[in-house]
Every structure is written in structure tokens, then in C-alpha cells.
Amino acid sequence: MTTLRAFTCDDLFRFNNINLDPLTETYGIPFYLQYLAHWPEYFIVAEAPGGELMGYSAAMLMLCMFTVMGKAEGSVAREEWHGHVTALSVAPEFRRLGLAAKLMELLEEISEKKGGFFVDLFVRVSNQVAVNMYKQLGYSVYRTVLEYYSASSGEPDEDAYDMRKALSRDTEKKSVIPLPHPVRPEDIE
């Protein structure tokens, strides 16, 4: 039976099988520790009966549309209070079991309890498997962010979709009305 539990510091040394996927953004240990210290309720891991890690999700509740390293700013009055999914990854051998959907559901519930207006995430435009999964979970493309992901080995930078799902506090669904034009990373608040 799969166990969903809080991510611990020890898990940092056990999740390479999940993080080595080419579509998974990886970060330095200080980044993960900052999330663990500031938003422990948003850092969840799925563990198999044998103890191996199956997947994890890391998110934060933010006061703005985008922040670097989890910085919070903005205001509730402008209806920017929301949950942001920073990372969601499932080990290849545990995919297509519904783990990603379950982890997303938990993050949405936490954001709902904290009074968020919506949940958002960024995903590579080329990652159609993830884009389709998020659409099945009720997310829609809010905007395209040009050259959001840095490329390696001389390839061009890749665009991202900023996908959103309105929560119950956004009764008029204003947070998910798509922008008619793409934006650049420096234009994101």
C-alpha cells in the first residue's frame, strides 16, 4: 500500500530515482530545505511498501503570481493569494498509477484550506503528457511564458505554460481567464 507522508530531510538522499528524469527540474539542497522549513505542509512524498520513494510534490502558498525561491509578496485584496506547484515528479516505474493526481489533490486541498484563489504551475510546452494530465485535473492554460526554461547544449530556451485551476474562493473564476498574448519571464509579477 502506498503511503503519503510529509517529506523529511532524509528524503533528500533517497529521491534520485525520481529527480533524474529529463523533464524534472532539479534544484540544490538549500532550495529543498527552504521549502521544507517554510512550507512543510506542501512538501509531500509517496512511499512504496518496500520503502522506496515513488514520487513527491512541493508547492507553496504565495501572495503573488510568481516568486523566486518561494518569496511571498502581493496582496489578498488583489486576489493573488494562491498555491503554486513548484515540483511534481513521479518515478518512471510508478507512473500511470494515479499518484500525481493524488498529490495534486492534496496540494489543492491545502491551498483551499489556506484561502487561496487558485493553484498554478509552470510546465514545458513540449511536455504534452503533463499538459494533458493537468487538463484532465481541471487546469487550463492561463498564459504562455516565452523562453521560461533554460536549455542546455546549445538548444533554444523553451516556452512554458502557466496553468491554473480556480478554487472555491474565486467565485467568478477571474484567475483563470486566459491572457490573449504571451509574456516573458521578466514580465511575471
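Up top is the structure these notes are about.
Every residue gets a number counted from 1 within its own chain, in the order that chain's sequence is written. Only residues with pLDDT of 70 or above have their local features reported here, since the model is predicted, and side-chain atom pairs are shown and tallied only from 80 upward, although totals for entire chains, interfaces and linings are computed over all residues. To obtain the side-chain values, all non-hydrogen atoms of the structure were included, while hydrogens and water were left out.

**Q** Just to check I follow, could you spell out the pattern of salt bridges for this structure?
**A** Salt bridges are identified by distance alone: a Lys or Arg side-chain nitrogen within 4 Å of an Asp or Glu carboxyl oxygen. As enumerated under the stated definition, the model contains 7 salt bridges in all. For the salt bridge of Glu-158 with Arg-124, the shortest nitrogen-to-oxygen distance reads 3.0 Å. Linking Glu-158 in strand S7 (residues 158-166) with Arg-124 in strand S5 (residues 118-124), this pair joins segments that are 34 residues apart in sequence. Each member of the pair, Glu-158 together with Arg-124, is buried. Because the salt bridges share partners, they merge into one network encompassing Arg-143, Asp-162 and Arg-164. Helix and strand labels come from DSSP, where a helix needs a run of H or I of at least four residues and a strand needs a run of E of at least two; each type is numbered from the N terminus. Relative accessible area decides the class of each residue, using a 1.4 Å probe on protein chains only: under 20% of the type maximum gives buried, over 50% gives exposed, and in between gives partly exposed.

**Q** Quick question: what am I supposed to make of the packing of aromatic side chains here?
**A** In summary, the pairing rule links any two rings of Phe, Tyr or Trp, Trp by its six-membered ring, whose centres are within 6.5 Å, and it sorts them by plane angle into stacked for under 30 degrees, edge-to-face for over 60 and tilted for everything else. Taken as a whole, this structure holds 3 aromatic pairs when the rule is applied. Taken together, a centroid distance of 4.7 Å and an interplanar angle of 10° make the contact between Phe-122 and Tyr-148 stacked. Here the residue Phe-122 occupies a position in strand S5, and Tyr-148 occupies one in strand S6 (residues 140-149), the gap between them amounting to 26 residues. A relative accessible area of 11% means that Phe-122 is categorised as buried. Geometrically, the ring pair formed by Tyr-148 and Tyr-149 is edge-to-face, given 4.9 Å between the ring centres and 90° between the ring planes. A relative accessible area of 9% places Tyr-149 in the buried class.

**Q** Even after reading the chapter, I still don't get the pairing of strand S4 (residues 82-90), so can you show me in this structure?
**A** Each regular strand carries side chains that alternate between the two faces of the sheet. In terms of residue burial, S4 counts as a mostly covered element, since 9 of its 9 residues are buried. Here, strands pair whenever DSSP counts at least two bridges between them. Bridge count between S4 and S5: 4 bridges; the pairing is parallel. Paired with Gly-83 across the two strands is Val-119, which belongs to S5. Convention used here: a crossover is right-handed provided that the path from the first strand, over the helix, to the second strand proceeds clockwise when the strands point away from the viewer. In this view, the connection linking S4 to its parallel neighbour S5 by way of helix H3 (residues 99-113) has right-handed handedness.

**Q** Please explain the environment of Gly-50 as it appears in this structure.
**A** With respect to the helices and strands, Gly-50 occurs in the loop between strand S2 (43-47) and strand S3 (53-62). Taking the C-alpha atoms as reference, Gly-50 lies 9.4 Å from Met-1; in sequence the two are 49 residues apart.

**Q** Explain the pairing of S2 to me, please; I cannot follow it from the model alone.
**A** Judged by how many residues are buried, S2 sits mostly within the fold: 5 of 5 residues are covered. Here S2 shows two buried faces, one formed by Phe-43, Val-45 and Glu-47 and the other by Ile-44 and Ala-46.

**Q** For this particular structure, what's the right way to read the side chain of Asp-120?
**A** Following the sequence through the fold, Asp-120 ends up in strand S5. Engagement of the side chain of Asp-120 in a polar contact is seen with the side chain of His-82, the distance being 3.4 Å. Polar contacts, as used here, are pairs of N or O atoms within 3.5 Å; protein pairs need one atom able to donate a hydrogen and one able to accept it. Residues neighboring in sequence count only if both atoms are side-chain atoms. Among the polar contacts listed, one links the side chain of Asp-120 to the side chain of His-84, at a separation of 2.6 Å.

**Q** Quick question: what am I supposed to make of helix H4 (residues 128-136) here?
**A** Along an α-helix, residues three or four apart share an orientation, since each turn contains 3.6 residues. Residues of H4 that are buried include every one of Ala-130, Val-131 and Tyr-134, and no others. For H4, the angular spread of buried residues about the axis comes to 100°, placing them on one side. The exposed residues of H4 that point more than 90 degrees off its buried face are Val-129 and Gln-136. The contact criterion used is simple: two residues touch if any of their non-hydrogen atoms lie within 4.5 Å. Where H4 is buried, its residues meet S4, H3, S5 and S7. Of the residues flanking the end of H4, it is Gly-138, one or two places downstream, whose phi is positive at about 100°. By definition, the arc is the one covered by directions from the helix axis to the C-beta atoms.

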